[in-house]
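Overview (structure and organization)
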Amino acid sequence: MRLLLAAVVLAVLSYVAARGAGAAPPLGRFLDPANGVWALARTAEFPARSEVRLPGLTAPVRVLSDDRGVPHVFAASEADAWRAQGYLVARDRLFQLELQTRAASGTLSELLGPRAVEADRAARRRGFPWAAERGFAALDSSVLIVRAARAYAEGVNSWIGQLRRAELPFEYRLLHARPAPWRPIDTFYLFLQMGYTLAWDDETLNKLRVRDAVGAAAAEALFPLNSPIQEPIQPNGQRSPRADFLRPFPPPGFLSTESLRGRDAAEAIFSPRPLDAIGSNNWVVAPGRTAAGYALLAGDPHLELSLPSVWYEIHLHVAGGIDVAGVTFPGAPGVVIGFNREVAWSFTNTGADVRDHYAEVVDDAARPARYRLDGVWKPLELRVETVRGRRGETLAVDTVRFTHRGPLVRAGGQWLSLRWTVFEAKTPGEEFLRLDRAHTVQEWLDGWKDYVAAAQNGVVADRAGSIAIRSTGWFPLRPGDGRGDEVRDGSSSASDWTGFLPLAAYPFARDPAQGYLASANQQPVDPRANPHYFGVNWYSPWRALRLNQLLRADSAVTPEAMRKLQTDPGSARADAFVPLLLGAAQASERAGQGDTLLRHAAALLAEWNRTYTRENTRAVLFEAAMTALPSLVWDELPQEMQSDGTARPVLLPEEAILLELAADSTNTWWDRRRTPAVEHRDAIFAEALRRGYLHTLRDHGPPEGAGWRWADAHHANIFHLLRIPGLSALNLAVQGGPSTLAPSPGRGTHGASWRMVVETGPVLRAWAIYPGGQSGNPASARYLDRLARWQAGQLDSVLFPANPQDLPAARVRATLLLSPRP
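Residues numbered from 1 in each chain as written. Predicted model: local features only at pLDDT ≥ 70, side-chain atom pairs only at ≥ 80, totals over all residues. Heavy atoms only, no water.

In this section: the overall build of the protein. Along its length, the protein carries 23 helices and 37 strands. In terms of overall dimensions, the protein is globule-like: its C-alpha atoms have a radius of gyration of 27 Å, near the 28 Å expected for 822 residues. Dimensions of the protein, computed from C-alpha atoms along their principal axes, come out at roughly 85 × 65 × 60 Å. A total of 822 residues make up the protein; the buried ones form 61% of that total. In the protein, 72% of the contacts between residues at least 6 apart in sequence involve partners at least 24 apart. When the accessible surface of the protein is split by element, carbon and sulfur atoms take 53% of a total near 30,300 Å². If you average the places of the 90 positive and of the 87 negative side-chain charges in the protein, the two averages end up 4 Å apart. (Helix = DSSP H or I, 4+ residues; strand = E, 2+ residues; numbered from the N terminus. Rg over C-alpha atoms; globule rule 2.2 N^0.38 Å. Buried < 20%, exposed > 50% of the residue type's maximum accessible area, 1.4 Å probe, protein only. Contact = heavy atoms within 4.5 Å. Areas by Shrake-Rupley, 256 points an atom, 1.4 Å probe, with all protein chains shown as cover. Lys, Arg positive; Asp, Glu negative; His and termini not counted. Charge placed at Lys NZ, Arg CZ, Asp CG, Glu CD.)

Written as structure tokens, this is what we have:
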């Protein structure tokens with residue numbers, strides 16, 4: 001404990017020094033022996049036995065915390081369980097609760113000061129305060145999510161109300177701040193923020209820029225309606241993936257060379273496409289394909305990794321009611337992903353196109369007050385947004401405008417309004433509370449049939465052996481061709497959505513003949529089976545290809561096999577591109593264009609077994625070649641200047657499109673416009689391999705050195721919420737790489753935020769883990785206690801007692817009795 005606390009103090013002092021004077025409280029106050037950072041040690045762990053009076057409770061609640069830091073809550077009613085949940089989450093994650101809510105509500109500056117102003121302005125222009133306030137005000141107090149949010153808030157505020165100065169989380173001490181009261185509406189902000197994270201931009205504006213540069217036919221081929229590799233979530237009856245490659249691949253049309261400089265205000269609403277690591281896998285196997293004859297389910301949502309984790313693990317037991325365990329987001333009552341006695345479930349992101357942009361005609365290009373609709377001027381809803389600082393001072397004042405569709409923003413010289421399904425959700429989060437109560441697959445499917453946003457692929461299994469998957473969320477019906485990847489004419493109501501896709505048309509499968517179901521963010525349905533529009537420019541289905549390949553090969557799946565799949569190091573992406581790189585080197589040699597550099601690079605790559613294990617010494621070369629490849633191929637696309645003076649394409653096609661183009665070896669796209677020669681496919685792949693080899697030598701040294709070891713060249717990085725390095729877990733060696741089942745691309749800041757395997761036998765069994773620990777206190781033993789096992793791909797056995805007596809006494813670390821206040 002002393003060493004851990006010393007590390008915390010050193011980390012915080014370095015943070016204070018880096019921020020400089022005026023950015024943190026005086027060190028004397030921070031190092032005060034009675035109430036300063038040293039008090040972290042006294043409050044890091046909770047007493048073995050304690051009793052607290054909790055306002056609002058209708059009956060006593062008993063909480064047993066096990067040796068993994070998971071609270072098992074035994075309550076007499078759901079409302080009491082939610083009150084206890086709010087209290088416990090606030091006890092363990094108070095600063096996280098407030099920080100994430102402020103990020104959504106646009107009030108970070110009140111906690112962090114002026115450096116958060118632009119983030120706050122963006123959140124308000126995004127329309128979150130407008131949506132949360134009008135949505136919450138429209139609900140009756142009897143609505144399930146309102147009752148849950150209010151009970152949860154009572155629990156949070158009970159913890160805040162009794163919080164002594166010595167118990168204040170260190171982040172508040174560092175910022176010289178006190179926690180704000182938690183409001184029921186803050187639960188709505190949480191789900192808005194998750195909707196924003198999961199419903200990434202449909203890239204309409206950038207795709208239109210590309211179309212202007214290369215022509216409509218070429219742009220459609222680069223960013224197509226359907227994936228060129230079909231391995232859909234809903235089984236299509238095929239035993240292997242199908243390639244729907246274009247022949248010939250349309251050539252570029254206009255070849256514009258004009259660079260695009262800077263970004264516009266559209267950034268306030270339109271987020272960049274996230275990494276492949278923001279996605280997820282889930283799959284379920286029917287009893288007929290498992291070794292024990294019981295259905296098995298696995299899920300591992302891929303999100304940004306943080307300390308503390310985005311998830312909080314909990315078990316809620318209500319006498320005669322819910323008995324559910326798993327994880328939830330801090331701020332959300334109930335369990336989001338998990339299991340009860342009868343049913344288990346998990347989610348992946350659908351990636352559907354669920355928000356549209358409309359070009360509006362306004363009365364004043366600088367300060368519009370009206371917009372034109374069907375020949376009539378309509379008043380804009382004007383909302384003055386004032387961003388305040390830590391002392392209540394005004395830091396920025398903006399007027400945010402709204403049409404009947406949603407927020408209005410200036411982008412590229414025009415005013416665009418946004419319609420988004422996340423604004424349509426009347427009771428966000430309520431569906432998860434219904435799922436907690438389900439007893440069968442059918443009840444579970446019924447429980448979230450009215451779910452709105454963000455669209456998710458939900459997989460489920462029950463003890464009867466039934467399995468199912470469904471992509472659920474509101475999918476807009478649009479006029480014309482029904483597609484949403486255009487900026488629509490806002491001056492006509494005929495451009496508006498005409499409704500939403502009926503439930504019967506959702507991507508769905510139950511108890512399929514193949515005996516398993518899987519999703520990994522690929523296109524949900526084969527367009528030959530379901531022609532409805534769900535989106536465009538789908539992620540390359542590398543993870544889905546690998547997952548289905550492994551599931552097809554195993555007819556006696558075990559829980560241990562499910563666990564190993566979650567960190568499988570194989571790569572369908574490598575299987576597709578390594579032969580092209582090696583073939584190009586051979587073709588260059590045959591044509592007399594080979595050289596020593598290329599021959600050496602090809603020999604090294606040929607040694608690779610195409611897996612991303614920690615000890616592998618060749619994956620780094622492949623990744624360097626794949627990094628060099630896009631700039632060689634897509635030089636026709638418009639560029640955007642970056643702050644470092646370099647240029648990059650405004651939008652890159654998916655790698656599946658590159659594989660599709662590779663089937664046409666002499667296509668015009670292979671030719672580099674800046675060279676006098678006319679290049680074909682093999683010349684480009686050979687050059688990518690040369691450049692990749694040179695870059696690898698430059699960055700990692702000679703191939704026989706330790707620098708080429710994957711664990712030394714590639715890391716996971718899990719940052720503390722304030723990005724204090726000393727309180728983060730950095731440079732972690734992990735198995736997996738870009739587009740593997742355990743994706744770890746880019747800077748390694750995203751990945752498997754929760755891994756779970758459940759066996760739905762006569763007695764349900766579960767195994768799970770997430771990186772980090774239950775506590776947000778860096779001095780606690782529960783801050784990082786799960787990290788090493790997560791890093792190694794291991795899972796913990798999850799305790800799921802039916803009553804307090806079933807929890808082994810040796811594994812109980814703390815008992816808390818919450819009693820009603822007289």
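To continue, consider the sheet that holds strand β28 (residues 516-519). Consider a sheet: its strands pair through backbone hydrogen bonds, and that pairing is either parallel or antiparallel. In spatial order, the strands read β28-β7-β8-β34-β35-β36; together these six strands make up an open sheet with antiparallel pairing. Two strands lie at the open edges of the sheet, namely β28 and β36 (796-797), each paired on one side alone. When strand β7 (residues 281-285) meets strand β8 (residues 296-300), the two strands line up antiparallel, connected through five bridges. Within the sheet, the bridge partner assigned to Asn 282 lies in β8 and is Gly 299. Across the sheet, helix α15 (residues 542-552) touches β7 and β28, and the angle it forms with β28 is around 165 degrees. (Pairing = 2+ DSSP bridges. Axes fitted to C-alpha atoms, helices over the stretch in contact; angles between N-to-C directions.)

Now for empty space enclosed by the protein. According to the stated counting rule, one finds seven cavities of 30 Å³ or more in the structure shown. Estimates place the volume of the second largest cavity at around 90 Å³. Lining of the second largest cavity is provided by Glu 231, Pro 232, Ile 233, Pro 235, Asn 236, Gln 238, Gln 514, Tyr 516, Leu 517, Ala 518, Asn 548 and Arg 552. At the level of secondary structure, the elements contributing two or more residues to the lining of the second largest cavity comprise β28 and α15. Among the elements that line the lining of the second largest cavity, the one with the most residues is β28, at three residues. Taken together, the residues of the lining of the second largest cavity break down into six nonpolar, four polar and two charged. (1 Å grid on protein atoms, 1.4 Å probe; cavity = no way out; pocket = protein on both sides within 12 Å on 5 of 7 lines; lining within 4 Å. Points joined across faces, edges and corners; volume = space filled by probe spheres on them. Nonpolar A, V, L, I, M, F, W, Y, C, P; charged D, E, K, R; others polar.)

On to helix α21 (residues 681-700), then. The α-helix winds at 3.6 residues per turn, so residues separated by three or four positions along the chain end up facing the same way. Taking 1.5 Å of rise per residue, the 20 residues of α21 would be expected to cover 28 Å, and the 28 Å separating its terminal C-alpha atoms lies within 8% of that figure. The complete set of buried residues in α21 reads Arg 681, Ile 684, Phe 685, Ala 686, Ala 688, Leu 689, Arg 690, Gly 692, Tyr 693 and Thr 696. The inward-facing, buried residues of α21 contact α17 (572-590), α18 (596-606), α19 (619-633) and α20 (655-662). Looking one or two residues beyond α21, the residue adopting positive phi is Gly 701, at roughly 80 degrees. (Expected span 1.5 Å × (residues − 1).)

Trp 283, Trp 311, Phe 339, Trp 420, Trp 444 and Leu 818 are the most contacted members of the largest nonpolar core, which has 161 residues in total. Excluding residues that lie within four positions of it along the chain, Trp 311 makes contacts with Arg 93, Pro 301, Leu 303, Val 327, Thr 328, Phe 329, Pro 330, Val 336, Ile 337, Ser 753, Trp 754 and Tyr 770. If you look at the next biggest cluster of nonpolar residues, it comprises 58 residues, including Ala 576, Leu 581, Ala 585 and Leu 658. (Core = buried A, V, L, I, M, F, W, Y, C linked by side-chain atoms within 4.5 Å.)

With respect to the element layout, Arg 405 can be found in the loop between β19 (394-402) and β20 (407-411). Exposure remark for Arg 405: the relative accessible area of 3% places this residue in the buried category. Polar contacts involving the side chain of Arg 405 include one to the main-chain carbonyl oxygen of Ser 492, which spans 3.3 Å. Within the structure, the side chain of Arg 405 is placed 2.5 Å from the side chain of Asp 496, a separation counted as a polar contact. (Polar contact = N/O pair within 3.5 Å; in protein donor to acceptor, adjacent residues only side chain to side chain.)

When the pLDDT values of the protein are averaged, the result is 91; 91% of them are 70 or greater. This stretch, residues 20-25, has a pLDDT under 50; its non-local contacts, to residues over four places away or in other chains, come to seven contacts. (pLDDT = per-residue confidence, 0-100.)

Our focus in this paragraph is the sheet that holds strand β10 (residues 306-307). Taken together, the three strands give an open sheet; going across it, the order is β10-β31-β32, and neighbouring strands pair in mixed fashion. Strands at the two margins of the open sheet, each flanked by one partner only, are β10 and β32 (729-732). Where β10 and strand β31 (residues 716-720) come together, two bridges link them in parallel fashion. Considered in β31, the bridge of Leu 307 is made with His 720.

On to the side chain of Gln 234. Locating Gln 234 in the fold gives a position in the loop between β4 (229-230) and β5 (242-243). For Gln 234, a relative accessible area of 18% puts it in the buried group. A polar contact of 2.9 Å, which involves the side chain of Gln 234, links it to the backbone nitrogen of Phe 508. When sequence neighbours within four positions are dropped, the list of residues in contact with Gln 234 reads Tyr 506, Pro 507, Phe 508, Pro 524 and Val 525.

What follows deals with helix α16 (residues 559-566). Within the sequence span of α16, burial applies to Pro 559, Met 562, Arg 563, Leu 565 and Gln 566. Buried residues in α16, looked at end-on, bunch into an arc of 160 degrees, giving them a common side. For α16, the secondary structure elements touched by its buried residues are β7, β8, α15, β34 (755-759) and β35 (765-769). (Arc of directions from axis to C-beta.)

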